[in-house]
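Listed here are the chains, written in short residue letters.
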Amino acid sequence: MTLQEFKENCAQIQREYTEKITSAADVASVEELRVAALGRKGALTELLKNLKDFSIEDKKTAGPLGNALKNTLTQAIEEKTAALQTKELNEQLNRVDLDLTLPARPVPCGKRHPLSVAQKRMTDILSKLGFTWAEGPWVEDEKHNFDMLNIPKHHPARDAQDTFFAQTGSPVSMVLRTHTSNVQSRYMEKHQPPLRIMAPGRVFRNDSLDATHSPVFHQIEGLYVDKNVSMADLKRDLSAFMKGLLGDKTEIRFRPSFFPFTEPSAEVDVKCVFCAGKGCPVCKGSGWIEMLGAGVVHPNVLKNCGIDPEKYSGYAFGMGVERLAMMMMNINDIRAFYENDLRLLNQF
Ligand SMILES: [Zn+2]
């Protein structure tokens, strides 16, 4: 092959493949052209094999010419491939019915359990009335759960039918606390008056689960001990508390009752919020709903805790969180709080 023929062949290959690459319809056709021109047996590869027979002078012209053509074709193929890929992607996206204006799927968000909501509302109000947070153990000895609170040995509350015993006998009997009042005995043991605490928490009773009873539920205890604390202070503070919780028009009344740890003792009723006292199924026609137990701390309890009952007096109250939550949220079955049915929980 002469140098002239080599140049003509180069020009021929350039014309032919440039035209074919330009008009290629898809990525696969471009790949076929690459193999046909630059592959191991491609047109340009075959042509370049003639270089070895050329004189050194001719090689100086033919070599760069061949390489330049190789680069030109390689670049044309790469550019065409990229252009076709973009075009194919766009066509694919146009085929799919893609609506970018659709709203995103909602991400479910967690929220507080209704019992936590109710407890927080109660403790928020109590802390505004000056009560500070106190806690005690769930597994408690009989001394702090019963003895110090003036609950005698033979009292039915100590019966295994009412109380879960975690350990009986030696060295001491341990129970799952039956009320949050164990926090009273523990707190007064360590602190002298004036003191004003609230003790929210879980308590346990040997009850079967039904619409109004649960073996585990929640209480909030309130305790205020200082000089000259009386039933009048109790009534004033509970009235303020219930107004804060259920509205400014809320009324309360005290009914005489008996608890070993208070003297005098009272059951506290709230005027029914559903019928404003007229009588309805919720209040069973009476116009009042029993809400909590309260009273003036028994002198024996103060004495047992190392506080002088001649010098100090106090009041205490304990209420069920579930009972109040059921009323606030109009739930009529206590089991609803523990079943964790999201259809219910999401409503609060
Ligand atoms: Zn009513």
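Residues numbered from 1 in each chain as written. Predicted model: local features only at pLDDT ≥ 70, side-chain atom pairs only at ≥ 80, totals over all residues. Heavy atoms only, no water.

Asker: Could you give an account of the overall build of the protein chain, with specific residues and numbers?
Answerer: Secondary structure assignment for the protein chain yields 12 helices and 10 strands. Its C-alpha atoms give the protein chain principal-axis dimensions of about 130 × 55 × 35 Å. In the protein chain, which comprises 348 residues, the proportion classed as buried is 40%. The contacts in the protein chain between residues at least 6 apart in sequence include a share of 67% that link residues at least 24 apart. Of the roughly 19,900 Å² of accessible surface on the protein chain, 53% is carried by carbon and sulfur atoms. Here the protein chain carries 44 positive and 44 negative side-chain charges, and the mean point of each set is 3 Å from the other. (Helix = DSSP H or I, 4+ residues; strand = E, 2+ residues; numbered from the N terminus. Buried < 20%, exposed > 50% of the residue type's maximum accessible area, 1.4 Å probe, protein only. Contact = heavy atoms within 4.5 Å. Areas by Shrake-Rupley, 256 points an atom, 1.4 Å probe, with all protein chains shown as cover. Lys, Arg positive; Asp, Glu negative; His and termini not counted. Charge placed at Lys NZ, Arg CZ, Asp CG, Glu CD.)

Asker: Could you give an account of the pattern of salt bridges, with specific residues and numbers?
Answerer: Scanning all chains against the criterion turns up 21 salt bridges. A salt bridge links D147 to R158, with the nearest nitrogen and oxygen atoms 2.3 Å apart. Of the two residues, D147 is situated in the loop between helix 6 (142-145) and strand 3 (165-167) and R158 in the loop between helix 6 and strand 3; the sequence distance between them amounts to 11 residues. The partner of R253 in a salt bridge is D269, and the shortest N-O contact between them spans 3.0 Å. One end of the pair, R253, is in strand 7 (residues 252-259); the other, D269, is in strand 8 (residues 262-271), with 16 residues separating them in the sequence. (Salt bridge = Lys/Arg side-chain N within 4 Å of Asp/Glu carboxyl O.)

Asker: Give me the lowdown on the packing of aromatic side chains, citing residues and values where you can.
Answerer: Under the defined criterion, the tally for this structure stands at six aromatic pairs. These aromatic residues form a ring-pair network of at least three members: F131, Y224, Y315 and F317. Its end group placed over the ring of Y17, K20 keeps NZ or CZ at 5.5 Å from the ring centre. The ring centre of Y224 lies 3.9 Å from the NZ or CZ of R196, which sits over that ring. (Phe/Tyr/Trp six-rings, centres within 6.5 Å; stacked < 30°, edge-to-face > 60°. Lys NZ or Arg CZ within 6 Å of the ring centre and 35° of its normal.)

Asker: So what's going on with the coordination of the zinc ion? Residues and values would help.
Answerer: Around the zinc ion, the protein contributes the donor atoms C272 (SG), C275 (SG), C280 (SG) and C283 (SG), at 2.2 to 2.3 Å from the metal centre. Each of the four donor atoms bound to the zinc ion contributes to angles spanning 106 to 116°, and the resulting shape is tetrahedral. All donors of the zinc ion come from a single chain, and their spacing in sequence reads C-x2-C-x4-C-x2-C. Assigned by exposure class, C275 and C283 land together as buried. (Donors = N, O, S within 2.8 Å, 3.2 Å for Na, K, Ca; no water. Tetrahedral: all angles 85-135°; square planar, octahedral: opposite > 155°, others 65-115°.)

Asker: Talk me through unusual backbone geometry; I want residue IDs and the actual numbers.
Answerer: When glycine is set aside, most residues are seen to have a negative phi, and most peptide bonds are trans. Residue P194 is reached from P193 by a cis peptide bond, and omega for that bond is 0°. Inspection of the secondary structure assignment puts P194 in the loop between helix 7 (182-190) and strand 5 (195-204). In this model, E263 is joined to P264 through a cis peptide bond whose omega is -5°. Phi angles above zero are rare outside glycine, and N150 is one such case at about 70°. Mapped onto the elements, N150 comes out in the loop between helix 6 and strand 3. Despite not being glycine, N228 has its phi angle at roughly 60°, a positive value.

Asker: Summarise the side chain of D141; cite the residues concerned and give the values.
Answerer: Mapped onto the elements of the fold, D141 is located in strand 2 (residues 139-141). Looking at D141, its side chain comes within polar contact range of the side chain of H144, at 2.8 Å. Those residues within four positions of D141 in sequence are excluded, and the remaining contacts are V172, S173, M174 and R186. (Polar contact = N/O pair within 3.5 Å; in protein donor to acceptor, adjacent residues only side chain to side chain.)

Asker: Describe in detail the sheet that holds strand 4 (residues 174-176), supporting the description with residues and values.
Answerer: Spatial ordering of the open sheet is given by 2-4-3, a layout of three strands whose pairing is antiparallel. Edge positions in the sheet fall to strand 2 and strand 3, since each of these pairs with one other strand and no more. Averaged over all adjacent pairs, the angle separating strand axes in this sheet is 40°, with direction ignored. As judged from the three bridges shared by strand 2 and strand 4, these two strands associate in the antiparallel manner. Each residue of the ladder has a partner; that of V139, found in strand 4, is L176. (Pairing = 2+ DSSP bridges. Axes fitted to C-alpha atoms, helices over the stretch in contact; angles between N-to-C directions.)

Asker: Talk me through the sheet that holds strand 5; I want residue IDs and the actual numbers.
Answerer: Reading across the sheet, the seven strands line up as 1-5-6-10-9-8-7 and stay open at both edges, with mixed pairing between neighbours. Since the sheet does not close on itself, it has two edges, and those belong to strand 1 (132-133) and strand 7, each with one partner. Here 10 bridges tie strand 5 to strand 6 (residues 216-226), and the two strands are oriented antiparallel to one another. Residue pairing in the sheet places P200 in a bridge with I220 of strand 6. Across the sheet, helix 7 lies against strand 5, strand 6 and strand 10 (313-320), angled at about 140° from strand 5, the strand it touches most.

Asker: Could you give an account of the domain arrangement of the protein chain, with specific residues and numbers?
Answerer: Taken as a whole, the protein chain is organised into domain 1 (3-95) and domain 2 (114-345). Computed from C-alpha atoms alone, the centre-to-centre distance between domain 1 and domain 2 is 91 Å. (Domains from an automatic or database assignment.)

Asker: Account for a negative patch on the surface, naming residues and giving values.
Answerer: A surface patch of negative charge is lined by D159, D162, D207 and D210. D207 sits in the partly exposed class, given a relative accessible area of 31%. (Patch = residues over 30% accessible without salt bridge, like charges linked within 9 Å, V, L, I, M, F, W, Y side chains within 5 Å.)

Asker: Which residues make up the packing of helix 2 (residues 27-38) against helix 4 (residues 56-95), and what values go with them?
Answerer: Their axes nearest at 9 Å, the elements helix 2 and helix 4 cross at an angle of 170°. Compared by their axis directions, helix 2 and helix 4 come out roughly antiparallel. Every residue of helix 4 that contacts helix 2 at V27, V30, R34, A37 and L38 is listed here: K70, L73, T74, I77, K80, T81, L84, Q85 and E88. Taken together, the residues of the contact of helix 2 with helix 4 break down into seven nonpolar, three polar and four charged. (Parallel < 35°, antiparallel > 145°, perpendicular 65-115°, else oblique. Nonpolar A, V, L, I, M, F, W, Y, C, P; charged D, E, K, R; others polar.)

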